[in-house]
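Overview (structure and organization)
Spelled out from the first residue to the last, the chains are:
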Amino acid sequence: MTTNFFHPALIMIIGALLLPLVRGPFRKAYLFLIPLLTFIDVFYLSQHPGTYGVVQFLDWELTFGRVDRLSMIFGFIMSLMAIIGTIYGLHVEDEWQHIAAWFYVAGSLGVIYCGDFLVLFLFWEMMAFASTFLIWFKKDPESLAAGYRYILVHTFGGVILLLGFVLRYQATGDLSFVQLNVQNPELYTWLIMIGLMLNAAVPPLHSWLPDAYSKATITGSVFMCAFTTKTAIYTLARSCAGFDVLIVLGVIMAIYGIIYAIMENDVRKLLGWEIVSQVGYMVTGVGIGTALAINGTCAHAFAHILYKGLLFMAAGAVIHATGKSKFTELGGLYKKMPATFVFLIIGAISVSAFPFLSGFVSKSMIISASFESHILWAGFLLTMVSAGTFLVAGLRLPYLLFFSENKCSAETWEKAVDPSWNMQLAMALASFFCILIGSYLPFLYGMLPNTEVAYHPYGAYHLSETLQILALTAFGFFLLRKHITARETISLDLDWFYRKGGQCFLWTVTNPLQWFDTAFSKAYRVVGLSTLMTTSQFWSWFDWNGIDGVVDGTARCVRAIGQRISLVLQRGQIQQTIYYTVTFAAVILVAYVWL
Amino acid sequence: MIVNFIDYLRDRLQTVIYCCYGGITFIVIWSLTVDTSHAHTWAEKMIPGFWSLFGLGSCAVVIMVARLLGKSGIMTREDYYDN
C-alpha cells in the first residue's frame, strides 16, 4: 500500500473492533467520530483518483483501492449514509448492533473500491453476514426466521457469483472487476449478472428484501435500505452496463414493486417494495447503458439512499414509539408525532419527484435516457411507475399513518411521541440533503461519472409534465382511495416457493419419513430381534455341540492313543526304548536307501 | 404549530378540496401553453394535456391492477405461513 492510501472500510472495521472498549460518556462521541473519519477519508480519496492497495496474493494481484469517478460517488453517499445511520442509532446501547452495522458498511465500501472479483467476493460476503445480524438482533422468532431466509438466499447468490467469476477465470485467466462483454454473453457473464442481480433484488430474486427489511431492528433497517441494493447497482453499473435484458427486468421490477406496495399493510414492507420499485429504475438505467443512463443510475442511487433512509427513519420512529408497524393498528398520528410527520413528508415528496427535491433531478434522467435511446415503452412504463410512486409513498403512506381514521389502541396512542434528539437530527440531515440535491444541481451533478453529458431537469416542459402527473395522480387517489386502504392481510410472493417448500420438506421429514423410521424400528424389534435371538441360540448350540464336540473329541482321541502308546512302548526300561528307537531308525534308513 | 395548521385545514376541508381542484385546473391549463417541441413522442405533441391523462390513467391502472391481483388470492390471511 502506498502511504497516502488508507482504506475507508478499514477505518470502519478497526472502529467496530475497538467499540466494545469505549464506554461511558465517550461512546456517543466515538460513534460519531468513526463514520466521520471514514467520510473524510472517502472525500480525501475522491480528490486523488488512482489505483491503490495492490497486494500480491499467491498467483493473483488483488486490488483494494480503485478510485475513479464511479467509485467516488458511491463511496461518498455510502459514507455519508453511515454518518446519518449511526446518528440515528446513537441511543442504541447494544454495541453489537453498531458493530454489525459498521462491518456491513465496511463490506459495502470494500466492494465499491475493489478492483477484482476475489476482493469483491470477500466484502460481498462480509455485507451479507453482517447484515444478517441486523435482522437477528431484533430478537423475536419472526426475525430469527427471516434472518435465516435472508442468509440462505444471499449465500445462494454468493455461490452463483463465485461460480461465475471462477468460470470466467478459467476461460480468460482474468479476475479483474471490469465491464464484461455483454454483447456476446457467455455462461459466466450470466452467472455473474445473476449473482449481482440477487443483491439488487431483481425479480424473480427479490422476495428477500421486503421480508428482511421489515423484520430487522429499527436502526438495522435504516442501514439495510441503503447499502445492499445500491452496492449491487454499483457492481452492475461497473460490469453489466448495456446488458439489454436488464432493461426488461428493471421495468418489470419497477412495476412489480409498486403493485405490491399498494397491497401492503406493514409500513416497512411497503417501503421495502418501494425500494424494489425504485431500484428498478436504476437497473433499467444500467441496462440502457448510455452515458446519460449511467449518470441517471448513479444520481438516482445517490438520491434514493437519502430519501429512502429518511422514510425508513421516519417509519422507524413510529414503530419505535408505538411498537406497531401495521397501518391497521395506526393512523391519525400527526397530532402526536408532528416532527416525524414533517420529515416523512419531505422523504415522501422527494421519492415522488416533486420539483426542487432530490427525486425530481435523478429519476427523470433515467426516463429521459430511455426516451433518447428510443426505448419508448420503457420510458412510458417508468413514468407510469413514477405516478404509482407518488400514489404509494407520497399519498398512501402519509395518509394511512398520519391522517386516516385513528385505529391506534389507547396504549399505542399514549406511547406515540416524536423520537429522541439524535433520531430527529439524523432525519433533519437526510431532509437537508434531499432538498439540497433538488435545489442546488452542481452538488450531485458535479459528482456524476460521465462528465461529457449535460442534463437540465428544470425545463418548462419537464416541469409541466411532472406537475400534471402529480396533480392528476393526487386526484385519482382522492377518487379511488377506498380501494387502497389498509387491510389485515399479507401478500403472497415468490418467497412462497421457498417458504412453503421449506415447510413441505419439514413436513416430509416429520411425517412420512418419521413414520417410516418408527415403523422400521417396531418391525425390527418384533421380527428382527426375535429372529436374531433364535439364530444366535442355534449357533450357540451348534458351537457347543457341533464344533466343540469335534474339537474335544479329537483331543480326547489323541490323548487316548497317546496313553495306549505309552502303555505299550514306554514301560520304563531304557534298553527296550533304545531297541525300539534304533529299530525304527534302521527301518527308515533301509527304506530310504532301498527306495 | 404544525398540528394547529393541519387542524385548521381539516376544519375547512371542503375549501381545501376546492383549492386543490383549482390548483389542478391551473396546472392543466398552464401545461397547454407550454412549448412541446422538445417532446420525445408525437403523442405528447399532438394530444393536449397528454401527461394529465397519462397521470390519471396510470393512477387508475395501478390501483385497479393491485386490487384485482389482491382479490385473486395474492392478498391472504396474516397467519398464512404460521404452522
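Residues numbered from 1 in each chain as written. Chains lettered and ligands numbered in written order. Predicted model: local features only at pLDDT ≥ 70, side-chain atom pairs only at ≥ 80, totals over all residues.

1. Focus on the overall build of chain B
Worth spelling out the cut-off: Comment: elements are numbered from the N terminus, with helices defined as DSSP H or I runs of at least four residues and strands as E runs of at least two. Values of the radius of gyration come from C-alpha atoms, whereas the globule rule sets the reference at 2.2 Å times the count of residues to the power 0.38. Residue burial is a threshold on neighbouring C-beta atoms within 10 Å of the residue's own C-beta, all placed from the backbone, with 20 or more meaning buried, 12 or fewer meaning exposed, and counts in between meaning partly exposed.
What chain B contains, in helices and strands, is 4 helices and 1 strand. Shown N-terminal to C-terminal, the secondary structure of chain B runs as helices and strands in the order α-α-α-α-β. The C-alpha atoms of chain B give a radius of gyration of 20 Å, which is well past the 12 Å a tight globule of 83 residues would have. In terms of principal-axis extent, the alpha carbons of chain B reach across some 60 × 45 × 20 Å. Counting only residues that meet the buried cut, chain B has 16% of its 83 residues in that class.

2. Things to note about the overall build of chain A
Stated precisely, the cut-off is as follows: Residue pairs qualify as contacts under a 7 Å threshold applied to their C-beta atoms, which are placed from the backbone.
Within chain A, the regular secondary structure consists of 21 helices and 3 strands. The dimensions of chain A, computed from C-alpha atoms along their principal axes, are 145 × 60 × 55 Å. Counting only contacts in chain A whose residues sit at least 6 apart along the sequence, the fraction spanning at least 24 positions is 81%.

3. Considering the interface of chain A and chain B
Heads up, the rule is: Nonpolar residues are Ala, Val, Leu, Ile, Met, Phe, Trp, Tyr, Cys and Pro. Charged residues are Asp, Glu, Lys and Arg, and all others, Gly as well, are polar. When DSSP finds two or more bridges between a pair of strands, those strands are recorded as paired.
The partner chain B presents 39 residues to the 40 residues of chain A that form the contact. Counting residues per element, the ones that place at least two in the side of chain A that touches chain B are helix 10 (245-263), helix 13 (338-351), helix 15 (376-403), helix 19 (460-480) and strand 3 (490-491) of chain A. For the side of chain A that touches chain B, the element with the most residues is helix 19 of chain A, which contributes 14 residues. For the side of chain A that touches chain B, the class distribution of residues is 25 nonpolar, 10 polar and 5 charged. The pairing of strand 3 of chain A with strand 1 (residues 75-76) of chain B spans 2 bridges and is classified as antiparallel. Bridging across to strand 1 of chain B, Ser491 of chain A finds its partner in Met75 of chain B.

4. Let's talk about the domain arrangement of chain A
So the rule is basically this: Domain borders in the structure are assigned automatically or taken from a domain database.
Under the domain assignment, chain A is made up of domain 1 (1-240), domain 2 (241-490), domain 3 (494-540) and domain 4 (549-595). Computed over C-alpha atoms only, the centres of domain 2 of chain A and domain 3 of chain A are separated by 54 Å.

5. Observations regarding the environment of Phe403 of chain A
Residue and element names in this part refer to chain A. With respect to the secondary-structure elements, Phe403 resides in helix 15. As for Phe403 and Val178, which are separated by 225 residues in sequence, their C-alpha atoms are 49 Å apart. Once you skip the residues sitting within four places of it in the chain, Phe403 turns out to touch Gly332, Tyr334 and Pro398.

6. Observations regarding the pairing of strand 1 (residues 50-57) of chain A
Pairing of strand 1 of chain A with strand 2 (residues 60-67) of chain A, which is carried by 7 bridges, proceeds in the antiparallel orientation. What sits directly across from Val54 of chain A, in strand 2 of chain A, is Thr63 of chain A.

7. Some words on the environment of Phe39 of chain A
Summarising the element assignment, Phe39 of chain A is placed in helix 2 (residues 26-46). For the pair Phe39 of chain A and Leu463 of chain A, spaced 424 residues apart in the sequence, the C-alpha separation amounts to 34 Å.

8. Focus: helix 9 (residues 218-239) of chain A
Residue and element names in this part refer to chain A. Note the following rule: Helix span, expected: 1.5 Å multiplied by one less than the number of residues in the helix. Here the bend at a residue means the angle between the axes of two seven-residue stretches, the one that ends at it and the one that starts at it.
Look at helix 9: 33 Å from first C-alpha to last across 22 residues, which is about the 32 Å you get at 1.5 Å a residue. In the structure, helix 9 departs most strongly from a straight axis at Met224, where the bend amounts to approximately 35 degrees. With 22 of 22 residues buried, helix 9 lies mostly within the body of the structure.

9. Describing the nonpolar core
Residues and elements named next belong to chain A. Where we set the bar: We define a nonpolar core as a collection of buried residues of the types Ala, Val, Leu, Ile, Met, Phe, Trp, Tyr and Cys that are connected via C-beta atoms lying within 7 Å of each other.
Counting residues in each nonpolar core, the largest one holds 199 residues, and the members touching the most others are Tyr104, Leu310, Leu311 and Met313. At 20 residues, helix 12 (residues 291-322) tops the list of elements feeding residues into this core. Of the residues that make up this core, three or more belong to each of domain 1 (1-240) and domain 2 (241-490). Not counting residues within four places of it along the chain, the set of residues in contact with Leu310 comprises Phe343, Ile346, Gly347, Met427, Ala430, Ser431 and Cys434.

10. What about the packing of helix 11 (residues 267-288) of chain A against helix 12 of chain A?
Residue and element names in this part refer to chain A. Put simply, the test is: Comment: axis = line fitted to C-alpha atoms, over the contacting stretch for helices; angle = value between 0 and 180 degrees taken between N-to-C directions. If an angle is under 35 degrees, it is roughly parallel; if it is over 145, roughly antiparallel; if it lies from 65 to 115, roughly perpendicular; otherwise it is oblique.
The N-to-C vectors of helix 11 and helix 12 enclose an angle of 175 degrees; their axes lie 9 Å apart at closest approach. When the axes of helix 11 and helix 12 are compared, the pair comes out roughly antiparallel. Its residues assigned to classes, the contact of helix 11 with helix 12 comprises 15 nonpolar, 6 polar and 2 charged.

11. Details of the confidence of the model for chain B
Using the following cut-off: Confidence per residue, as judged by the predictor, is encoded in pLDDT with a range of 0 to 100.
When pLDDT is averaged along chain B, the result is 90; 99% of the residues meet or exceed 70. Taken together, the chains of this predicted complex give a pTM of 0.87 and an interface ipTM of 0.94.

12. Examining unusual backbone geometry
Excluding glycine, a negative phi dihedral is what most residues carry, and trans is how most peptide bonds are arranged. All names here are of chain A. Backbone torsion omega between Pro203 and Pro204 reads 5 degrees, so that peptide bond is classified as cis. One non-glycine residue, Leu58, adopts positive backbone phi at about 50 degrees. For Leu58, the position within the fold is in the loop between strand 1 and strand 2. Leu58 gets classed as exposed once you count the C-beta atoms within 10 Å, which come to 7. We note that His374 has phi near 60 degrees; this positive angle belongs to a residue other than glycine. When you line up the elements, His374 lands in the loop between helix 14 (358-372) and helix 15.

13. Notes on helix 15 of chain A
All names here are of chain A. The terminal C-alpha atoms of helix 15, which comprises 28 residues, lie 38 Å apart, in line with the 40 Å expected from a rise of 1.5 Å per residue. Largest kink in helix 15: about 30 degrees, centred on Arg396, with the proline Pro398 one to four residues after it. Among the 28 residues in helix 15, 23 count as buried, and that is most of the element.

14. Some words on the packing of helix 7 (residues 187-199) of chain A against helix 9 of chain A
Residues and elements named next belong to chain A. Quick reminder of the rule: Working rule for handedness: look at the near helix, and if it is turned counterclockwise from the far one by less than a right angle, call the crossing left-handed; if clockwise, right-handed.
Running from N to C, helix 7 and helix 9 cross one another at 155 degrees; their axes reach a closest spacing of 7 Å. Considering their axes alone, helix 7 and helix 9 lie roughly antiparallel with respect to each other. Between helix 7 and helix 9 lies a crossing whose hand is left-handed. For the pair helix 7 and helix 9, the contacting residues are Ile192, Leu196 and Asn199 in the first and Thr228, Thr229, Thr231, Ala232, Thr235, Leu236 and Ser239 in the second. Classifying every residue of the contact of helix 7 with helix 9 by side-chain character gives 4 nonpolar, 6 polar and no charged.

15. Some remarks on the environment of Arg27 of chain A
All names here are of chain A. Looking at the secondary structure, you find Arg27 in helix 2. The exposure class assigned to Arg27 is partly exposed, which follows from the 15 C-beta atoms found within 10 Å. Taking the C-alpha atoms as reference, Arg27 lies 9.6 Å from Glu95; in sequence the two are 68 residues apart.

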